[in-house]
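# A structural walkthrough
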Amino acid sequence: MDSTTLLRDLLSARTWTAFDVDDQGRVLAGHDELGTVQLIEITPDGTATALTALPGRCSGRYLPGRRQVVVQHDNGGDEKSQLSLLEIDALPTEPVGLDGLTALVHDPAYMHDLRDVTASSVLYSTNRRDGVDMDVLVRNLDSEDERTLHEAGGYVVGAVLDHAQQDVAVLRLSLQPNSTVLDLRGPGVDAPGPLSDPDEHAFHDMPGWSADDSALILTSNHGREFAAVQSLARDGSWRVLVADEGHDLVCWVSPEGEAMIVGTLADGILTFASHDMDGTHRRALAVPALAAASVHWSPDSAHLVVSGTSPTEPGVIYRVDVETGEATLLRSSADSLPREVRDALTEPSTHRIPARDGEEIPCFRYAGAPVGDSGGSAQGPGPSVLFIHGGPESAATRNWHAVIQALAVSGLTVLVPNVRGSTGYGKRWYSLDDVDLRLESVADLADIHAWLSTQHLDPTRAALWGGSYGGYMVLAGVSMQPNLWAAGVDIVGMSSLVTFLENTSAYRRAYREREYGSLESHRDLLQRASPITYLDQIVAPLFAIHGANDPRVPLSEARRIVAALEAKGVPCDLRVYEDEGHGLAKRVNRLDAFPAAIDFLHRHLT
């Protein structure tokens, strides 16, 4: 297989994920054979039926006890999610388009995110009241009546009804960096409002109800360095159920509230075990360690599906026996890859890179395959690319990333760091870039550059690649450290933190300000941390990719810096995709943008 075909096949890899499982063991899966993620049903005997062929990617949930699916979809990546019903009493002979769906909650001017389902209702959040604040409503599927359960404002990221379907736990972002707060509302709540402390610097996630509805079971670093599985009672009292003093845990509570799956995160990958609700360990699950993992219980808690990825697995789905922990492979994306592609994939090694102040920066290294003079073996030190994750309240994990593998297959060693501010390494580490410390994460790039020569990598042939916050880091690196980087690839990144905050979607602004600083109080800091401020220093060629419908980082962020670089004669290329939002969801666009960006790097590094 020639290198061009290999690269194209790699970037065209199909992916599988799981969205839900019903009481009969049928799995609602996502697959991107059509170019974006669409819904497919997999029956217990393994038969797959394509359900949707929508213009963009979608997700969904089964309605318990009904042969209906709630489909969540948007328009061209604008993140204004709409909710529709798909009838599957008779499975479609051909996947349906928009005209095959029945509108459930529609208003294209606003976002409506599915949060929970019951046999008779759907729970969703929406910002349609004022375009900013998110309310939580429950909609009766038979009467079509709606009831507002939460109208206190804020950025809602989750909500779950108790078993009595009266009270709702609402998870929303707080104004503390990388923190969330739990609200409790409903007729059974004595004091509606925050159940957790909104002023605490703590992250809570993935709540589920105990069997008697007396407490929420969730992942939280309340009072801890690393997240543990904890119980938060209705009276506000906390109790640790499962903990690991050196690693973050995540949990998925069964719908009946009688068991849970606990994942242990170690250097970007999860291992899984089942536990009783008091925290007692039952057994390990016989599934491999996975990143980007999800766990789905059937409504009756009898069926369990686990999906995820790894560096060499684009997407895998397992059905797990709840009692034994044994797993049956339902789908593997790696199995559909050509053998030449599978043989070319590489597993990363894990490193700790010394920083200027005694800290150590976690990093994954994907060794580049020797290709002509670009390899770093007998030919001498080779070129490298730092691939920087978004967020910043996020992390690089050992997940599938076609671009990382493509860069390595093309002969470029890829370093994937978790600079300070990254999650997964404790509360202290992810707090080291907050507000006044913003440029400390940028300084980590220079420390990684200083490490290159110890790894048989050429410091004069090092580039930056990143998306979203990672795109900001690319622009910050080439502007603030102009002598270090030979090229940059910026995907939906911010060139100015000031104009980004001024122009991002209104519902996001306050929660981005908690991390970067506010326009009102920190404008000088924001200007000092903005790549555009150092425009005159940029000499490295730049390749920029942006979606025209991006609601998070406006297209103007890319247009502004590219126009300025063109005016001063710095080589640059901007590719805008009219049917994309915050990143590239469609395969046709990825196949246009990413090979061109990789070729761009080779022209400037090899």
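The structure presented is a predicted model; accordingly, all values stated were derived computationally and were not measured. (Residues numbered from 1 in each chain as written. Predicted model: local features only at pLDDT ≥ 70, side-chain atom pairs only at ≥ 80, totals over all residues. Heavy atoms only, no water.)

## Here's the deal with the overall build of the protein
Looking only at helices and strands, the protein has 11 helices and 36 strands in total. By the compact-globule yardstick of 25 Å for 606 residues, the protein fits well, its C-alpha radius of gyration being 24 Å. Projected onto its principal axes, the C-alpha coordinates of the protein cover approximately 65 × 55 × 45 Å. The buried share of the protein, taken over its 606 residues, is 62%. Within the structure as shown, the protein displays about 22,300 Å² of accessible surface, and the carbon and sulfur contribution to it stands at 48%. (Helix = DSSP H or I, 4+ residues; strand = E, 2+ residues; numbered from the N terminus. Rg over C-alpha atoms; globule rule 2.2 N^0.38 Å. Buried < 20%, exposed > 50% of the residue type's maximum accessible area, 1.4 Å probe, protein only. Areas by Shrake-Rupley, 256 points an atom, 1.4 Å probe, with all protein chains shown as cover.)

## Structural notes on the side chain of Asp32
With respect to the helices, strands and loops of the structure, Asp32 is situated in the loop between strand S2 (27-31) and strand S3 (38-42). Leave out the neighbours within four places in its chain, and Asp32 touches Ala13, Arg14, Thr15, Val37, Arg587 and Arg590. (Contact = heavy atoms within 4.5 Å.)

## Examining the packing of aromatic side chains
Scanning the entire structure with this criterion turns up 9 aromatic pairs. Ring geometry for Phe500 and Tyr516: centres 6.0 Å apart, planes at 80 degrees, overall edge-to-face. Of the two residues, Phe500 is situated in helix H7 (residues 497-503) and Tyr516 in helix H8 (residues 506-516); the sequence distance between them amounts to 16 residues. Here Phe500 falls in the buried class, since its relative accessible area comes to 2%. Pairing Phe543 with Phe600 gives two aromatic rings, centres 5.5 Å apart and planes at 55 degrees, and the pair type is tilted. On the criterion of sequence distance, the pair formed by Phe543 in strand S35 (residues 542-547) and Phe600 in helix H11 (residues 587-605) is long-range, its members being 57 residues apart. For the pair formed by Phe543 and Phe600, the shared burial category is buried. Taken together, Tyr469, Tyr472, Phe500 and Tyr516 form an aromatic cluster joined through their ring pairs. Geometry around Trp16 places Arg331 over its ring, the cationic atom sitting 5.5 Å from the centre. (Phe/Tyr/Trp six-rings, centres within 6.5 Å; stacked < 30°, edge-to-face > 60°. Lys NZ or Arg CZ within 6 Å of the ring centre and 35° of its normal.)

## A short note on the environment of Val181
Position of Val181 among the secondary structure elements: in strand S15 (residues 180-185). For the pair Val181 and His201, spaced 20 residues apart in sequence, the C-alpha to C-alpha distance is 9.7 Å. Aside from chain neighbours lying at most four places away, what touches Val181 is Val170, Leu171, Arg172, Leu173, Ser174, Pro194, Ser196, Asp197, Pro198 and His204.

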